[in-house]
There are 6 protein chains.
Amino acid sequence: MRFETENSYEVQDKIRQFRAAILPIGAVEAHGPHLPLGTDNLLAERLAGRLAERTTSFVLPTLPYGQVWSLRNFPGSINVSNEALIRMLTDIGESLYQQGFRIFAIVNGHLGNAVALKEAARVLYERVPELKVYYFFYPGTKEVTNEVRETASAHGTYMHADEIETSYMLYLAGEYVDMSKAINGAPVMTAEADCTPTPWEEMTSSAVLGDATLATREKGEKIIERSLDVMADMLNRAKERLAVEEEADSGSKKQQ
Amino acid sequence: MRFETENSYEVQDKIRQFRAAILPIGAVEAHGPHLPLGTDNLLAERLAGRLAERTTSFVLPTLPYGQVWSLRNFPGSINVSNEALIRMLTDIGESLYQQGFRIFAIVNGHLGNAVALKEAARVLYERVPELKVYYFFYPGTKEVTNEVRETASAHGTYMHADEIETSYMLYLAGEYVDMSKAINGAPVMTAEADCTPTPWEEMTSSAVLGDATLATREKGEKIIERSLDVMADMLNRAKERLAVEEEADSGSKKQQ
Amino acid sequence: MRFETENSYEVQDKIRQFRAAILPIGAVEAHGPHLPLGTDNLLAERLAGRLAERTTSFVLPTLPYGQVWSLRNFPGSINVSNEALIRMLTDIGESLYQQGFRIFAIVNGHLGNAVALKEAARVLYERVPELKVYYFFYPGTKEVTNEVRETASAHGTYMHADEIETSYMLYLAGEYVDMSKAINGAPVMTAEADCTPTPWEEMTSSAVLGDATLATREKGEKIIERSLDVMADMLNRAKERLAVEEEADSGSKKQQ
Amino acid sequence: MRFETENSYEVQDKIRQFRAAILPIGAVEAHGPHLPLGTDNLLAERLAGRLAERTTSFVLPTLPYGQVWSLRNFPGSINVSNEALIRMLTDIGESLYQQGFRIFAIVNGHLGNAVALKEAARVLYERVPELKVYYFFYPGTKEVTNEVRETASAHGTYMHADEIETSYMLYLAGEYVDMSKAINGAPVMTAEADCTPTPWEEMTSSAVLGDATLATREKGEKIIERSLDVMADMLNRAKERLAVEEEADSGSKKQQ
Amino acid sequence: MRFETENSYEVQDKIRQFRAAILPIGAVEAHGPHLPLGTDNLLAERLAGRLAERTTSFVLPTLPYGQVWSLRNFPGSINVSNEALIRMLTDIGESLYQQGFRIFAIVNGHLGNAVALKEAARVLYERVPELKVYYFFYPGTKEVTNEVRETASAHGTYMHADEIETSYMLYLAGEYVDMSKAINGAPVMTAEADCTPTPWEEMTSSAVLGDATLATREKGEKIIERSLDVMADMLNRAKERLAVEEEADSGSKKQQ
Amino acid sequence: MRFETENSYEVQDKIRQFRAAILPIGAVEAHGPHLPLGTDNLLAERLAGRLAERTTSFVLPTLPYGQVWSLRNFPGSINVSNEALIRMLTDIGESLYQQGFRIFAIVNGHLGNAVALKEAARVLYERVPELKVYYFFYPGTKEVTNEVRETASAHGTYMHADEIETSYMLYLAGEYVDMSKAINGAPVMTAEADCTPTPWEEMTSSAVLGDATLATREKGEKIIERSLDVMADMLNRAKERLAVEEEADSGSKKQQ
């Protein structure tokens, strides 16, 4: 399923058969003492790998740099702009379309990329309307997350190096987690942070937005598997629609 | 040495100590029947790893998309624009500087990226003049390559999936090479190709620009090791200059 | 408090005294049969007017065009790009700073503008760090909204021409509402809509995302007043911090 | 005629019938002691309203920010760039075309916007050639202005807060004029000002480029009405041409 | 005075002495049957040469491409965008400043370039405020032109291949004029042409906007010499101001 | 053959006949004590003139500003950006296509322009695929240069004010060369210069990259004539292909 290890003599037939390419995108970003800087890349990559298996799709090489404005001043964070991401993603999308792909699913491991992903998808919607673009950030997990979590979320939208994300890592990339260093971050989140640019050093010194010590592999498994179900379902249905359309096209051509 | 596996609590001290970050950059591109689409990424990544060891530097995660205009119509190629690359690389460079790095070495596995790399380095030269930026595409190997090669180069500048690049792969990533499929590409290269935009499908159907069957691990080793010597030497000297300057700075501060 | 009706001979002293400029921004967009196309402009403008009174700030003329990608194909919608908004807002922000303002609060009546506003605020954060930029989209109203609403929200984030927004209009601009035409929109919202570009004509023909017939002036009043409290509190505290800083500055200058 | 107060259920038919949208654009800019900062917005808005009545067209909400480079350092001026204006105007124009408009008339109250308007109109001329774009800055008034004015113009092209513009305001928005504060500006205009960037503080401290005390409602009426005649004539003729073309189209379709 | 023929060993001293660089800019554009396509380049170049002599300044090589939107569909016209011109001119200006120039005078032979020139001058005003930028399009000639012309101007602003411009050519580059082919263009200029994008093929088939047969060398001489006086006066006074400032600087440095 | 001296009444027929436009592009750049700043412009212009004669093509006016990053700090150099060049060249190319040209040959006298030229050619390849674009920097001269040169090249790619370029000048523009001032530059070229941004003041104080004293008119003639053969051959063959295609088109139209 890894696109990178294919060769150009055999790949064309497989593209015609698979139709779908999955791009993992993450970031290099501070994730506290117990998680590596590449956490979001690892999560995106492994999630993408499992999604590819369930949908017979290609996994593209991981785009490992993301927009980490909020944490850019923390040690180890590497920040790239929305503009760089949008341009890179639209270029990749157009190229995938030229190669014969008709579904481009971006599995995102870092919330800060969401704006760029949505914008890139809209640009591609205009330029190559026949390419169906998905941007996934753990879709369909709101309910199950509320079920499994033992502590309230520190913020309505953000999740970072906390009980939840650490659980993801324990399930998908446990060998990179050092639970002995896990802490309870207890950030100070003000209402202002949603209304004015607020670097996270103003609300946390650890970059851990919650209680990472409560993370478990099982919690991660429950949420991740739910999300995989949701994503696989979307992609498989998109593939079915595509097959129907192509059969219809081919039928109408035969009639002519 | 892998930056991605560091954590944010410990990385700051190491950045101050290492001062140098190495970014592998390659491409996803047709490389004939015997080499994978990700050849340039594999070469860049492994070369960067060895260079990091010899220079006590960090290796950043590989940027796996490159400008492959010439081969973009070959099966499996994914092409991104110079603009996307330049913006991404200048963003990364500025961020590295903010993080405390003073040397940013880009190990390039794909010649098509050379223009974007040089331009990005010049932009950074203006914006963060204290960051020393290197862009490496097998520097210092002209002579040794001429020594080891058994066939003339198909082109003065290009090298692609041929005796030489295949030898690199045999040395650095042999497990991805299938020599049983290697062919003699024998491209038809006209003088016009250097003077007008020329997609490579006009000169080759295999994307193999030479005789890949002559590739050996030994040839690869000779050239790659020479190049590693040259790159390591440049980086180590840059680090020494940096140390001298910093000592001087610190001395002059003490005097004040 | 209206900036536009001031004259240039007297405005400078008032700027020094007020320090804060409030910009209403909305959109021209389909809002069903019972609300006018300019709903978001009316809401933003009147909310801004009240906020200005509570905080002794200037209200700037309304920027009446917004990003309405999702509804752009509905009759009457006028869509402008994020790029246009970001450039316009950063230009205005820089100019306000040159004029002596130190607080720039953007009161947003249209969720689709949120991305552009956040991005513009971040750009200004770099360029004119002494200008405090706020972007407000009914902050602090989650709880009170859940209290007053009689029907569940059609979507976790969106609110459009429904029970809630119609209630806002009844409170702030009732003369523009025709409740006799209000309908229950009952949109079909799929999980996919959050994961792939989805023009709203795929989920509604009315553009009413809920039951507008349940809207009342009282519901609007409760939520709007709560939001006004929250916004006024943030601005007033920002002004106090500014006063303290300036006194400190002035004190330190006197000492010199 | 106000587009903003229409609703999306009824607007489509009216767009098909009216075909023309009028956008007032002005600026927030110093206009001396007797005129408000929003003078150009008021003029554009009211002129547009009258033009809409004479031509059965829609008036869009006023775009109230303009390029005021020359006066940007005067108290109260808010300056936006040509780039911001061009992008905003081309976005609006493309959207109007999608909505079914075929005539887009921009009524401009501020000369500094002229460059951006002309450029935006040329961009739209390429992108949506079937949209007829007009940019009006008091067209057809040269002669009548020379007749009514009692003092020579301070400059061949500029007119600002002087006898003429103040007369416009007395006619169109007299309630915002304080003639008791009107002054004779007597600017020092050098030949150099037309050949090198020259902020107006180098030639005037009042921003009044002439003798505002001579302004009268009657002078304003004469010029404004002449201009309205000229503009209405152009729009009405454009509408007639459109009707003829559409009838021809419809005729040729019937024949087919 | 030609900068291009200087060598790098001797030019630095002269730059310090001259301080002023003059850039001729024109266009390649249809000019009727009697004038060459390069008319505007010839006029700009020769005017610049005379101005350089009168002011002891350098003449830079001519930038021979301009914005000819209005005539771009006429045979022989080559049109470049305002964006290209602005970027090119600001780059040149910044480079001249780095080289030690403090006055940058652009002698423009083509009215269509005026917008780009003014914008470029404003950009440079921000970036290199110590560089004084002039943009000249026959300044100071309104009165003398009215005196010498025998026919009314076809348009308030435009002048093209007519009595006046042909007279310029007869004076400055007579060897390129073929008066035997001169015609009376008699364009049909409507009021609309100033209010909506109007390619000139809608008003003329010859591109001659007036009666070229009335052109004489004497008329050209009178206007051109007046303009030269005006330009030389501005540049010489700018040089004097510069000398005074530098002496003041040098004086204040000595005192320190 | 000079396009600039044509008039618009006669040029159209010639464009249809010639089909090819040649644009000389150079730079204003330090070339040591014996060569003028405009060396690259002179070479490009005269080379283009001879090429036009051999191919019955038009020569456009010279674009005399180039990207001289490496030498921008040397006295007399004027540097423009790749962006400015790319935009200018693509604008010119599109305009030439509109005028009826089908071959656009750029004769480049300055290596620093090569990146912009290649990029511009690729942009035009997408936008106006029927326009064949050539970028020439002394093509086909590698062998003959090695034959005639008496000293080794200072660098694999660069050639600047040395034995070779000075010989070009002696052959094409000898009146601008002062051999009495020619020197042996003997630059210090390190391997690093190819791997990191390196202004040339770090390797030479003269800008002469070799031994200019060995230059002769004969050496220049040999290389230049070889290059002219190669370029003329490419253009003439392109014209022949064009003629064949057009005849085929015309034939197929007749058949219809």
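Residues numbered from 1 in each chain as written. Chains lettered and ligands numbered in written order. Predicted model: local features only at pLDDT ≥ 70, side-chain atom pairs only at ≥ 80, totals over all residues. Heavy atoms only, no water.

Per an unreviewed UniProt entry, chain A carries the name Creatininase family protein and comes from Paenibacillus lutrae. Within the UniProt record for chain A, the comment given under Cofactor (unreviewed entry) is "Zn(2+)". (UniProt positions renumbered as here; feature names shortened; annotations may be inferred.)

## Here we look at the interface of chain A and chain B
Taken together, the 51 residues of chain A in the interface contact 51 residues of chain B. The junction of chain A with chain B conceals about 4,000 Å² of combined surface from both sides, 61% of it contributed by carbon and sulfur atoms. In terms of surface lost to chain B, no three residues of chain A exceed Y9, Y65 and M88 of chain A, which account for 15% of the buried area on that side. Applying the counting criterion to the chain A and chain B interface returns four salt bridges. Residue E10 of chain B pairs with K181 of chain A through a salt bridge whose shortest N-O separation is 2.9 Å. Broken down by secondary-structure element, the contributors of at least two residues to the side of chain A that touches chain B are α1 (11-18) and α3 (82-99) of chain A. Of all the elements, α3 of chain A adds the most residues to the side of chain A that touches chain B, at 10 residues. A per-class count over the side of chain A that touches chain B returns 26 nonpolar, 16 polar and nine charged. (Contact = heavy atoms within 4.5 Å. Buried area = accessible area lost by both parts, 1.4 Å probe. Salt bridge = Lys/Arg side-chain N within 4 Å of Asp/Glu carboxyl O. Helix = DSSP H or I, 4+ residues; strand = E, 2+ residues; numbered from the N terminus. Nonpolar A, V, L, I, M, F, W, Y, C, P; charged D, E, K, R; others polar.)

## Topic: the relation of the copies chain A and chain B
Rotating chain A by 180° and translating it 0.0 Å along the rotation axis places it on chain B, where the RMSD comes to 0.0 Å. Taken together, the turn and the small shift mark the pair as related by a two-fold rotation axis. No C-alpha of chain A lies nearer the rotation axis than that of A84 of chain A, which sits 2.9 Å from it. Both copies contact each other with a shared surface, as 100% of the interface residues of chain A are interface residues in chain B too. (Least-squares fit on C-alpha atoms with pLDDT ≥ 70 in both.)

## Quick look at the side chain of E119 of chain F
Checked against the element boundaries, E119 of chain F lands in helix α4 (residues 114-127). With no salt bridge to any partner, buried E119 of chain F finds its closest opposite charge in R122 of chain F, at an N-O distance of 5.5 Å. The contacts of E119 of chain F, once residues within four sequence positions are left out, are N82 and E83 of chain B together with I86 of chain F. (Buried < 20%, exposed > 50% of the residue type's maximum accessible area, 1.4 Å probe, protein only. Lys, Arg positive; Asp, Glu negative; His and termini not counted.)

## Describing the relation of the copies chain F and chain E
Note on the copies: chain F fits chain E at an RMSD of 0.0 Å, the axial shift is 0.0 Å, and the rotation between them is 180°. When the interface residues of chain F are mapped onto chain E, 100% of them again lie at the interface, so the same face is used by both copies.

## Observations concerning unusual backbone geometry
All names here are of chain D. At T56, a position not held by glycine, the phi torsion is positive, near 50°. Looking at the secondary structure, you find T56 in the loop between α2 (39-55) and β2 (58-59). Assessed through its relative accessible area of 35%, T56 is described here as partly exposed.

## Observations concerning helix α4 (residues 114-127) of chain B
Since there are 3.6 residues in each turn of an α-helix, residues three or four apart along the chain are aligned in direction. Compared with an ideal rise of 1.5 Å per residue, which puts 14 residues at 20 Å, α4 of chain B spans 20 Å between its outermost C-alpha atoms and is within 8% of the ideal. Buried residues of α4 of chain B: A116, L117, E119, A120, A121, R122 and L124 of chain B, and no others. Among the structural elements, β1 (20-25), α3 (82-99), β3 (103-108) and β4 (132-136) of chain B together with α3 (82-99) of chain F are those in contact with the buried residues of α4 of chain B. (Expected span 1.5 Å × (residues − 1).)

## Some remarks on the packing of helix α2 (residues 39-55) of chain C against helix α6 (residues 163-173) of chain C
Residues and elements named next belong to chain C. Contact geometry for α2 and α6: axes closest at 10 Å, N-to-C directions at 55°. Judged by the angle between their axes, α2 and α6 are oblique. By crossing handedness, the relation of α2 to α6 is classed as left-handed. Contacts from T39, D40, L42, L43, R46, L47 and R50 of α2 reach α6 at E165, Y168, M169, Y171, L172 and A173. (Axes fitted to C-alpha atoms, helices over the stretch in contact; angles between N-to-C directions. Parallel < 35°, antiparallel > 145°, perpendicular 65-115°, else oblique. Left-handed = near helix turned anticlockwise from the far one by under 90°.)

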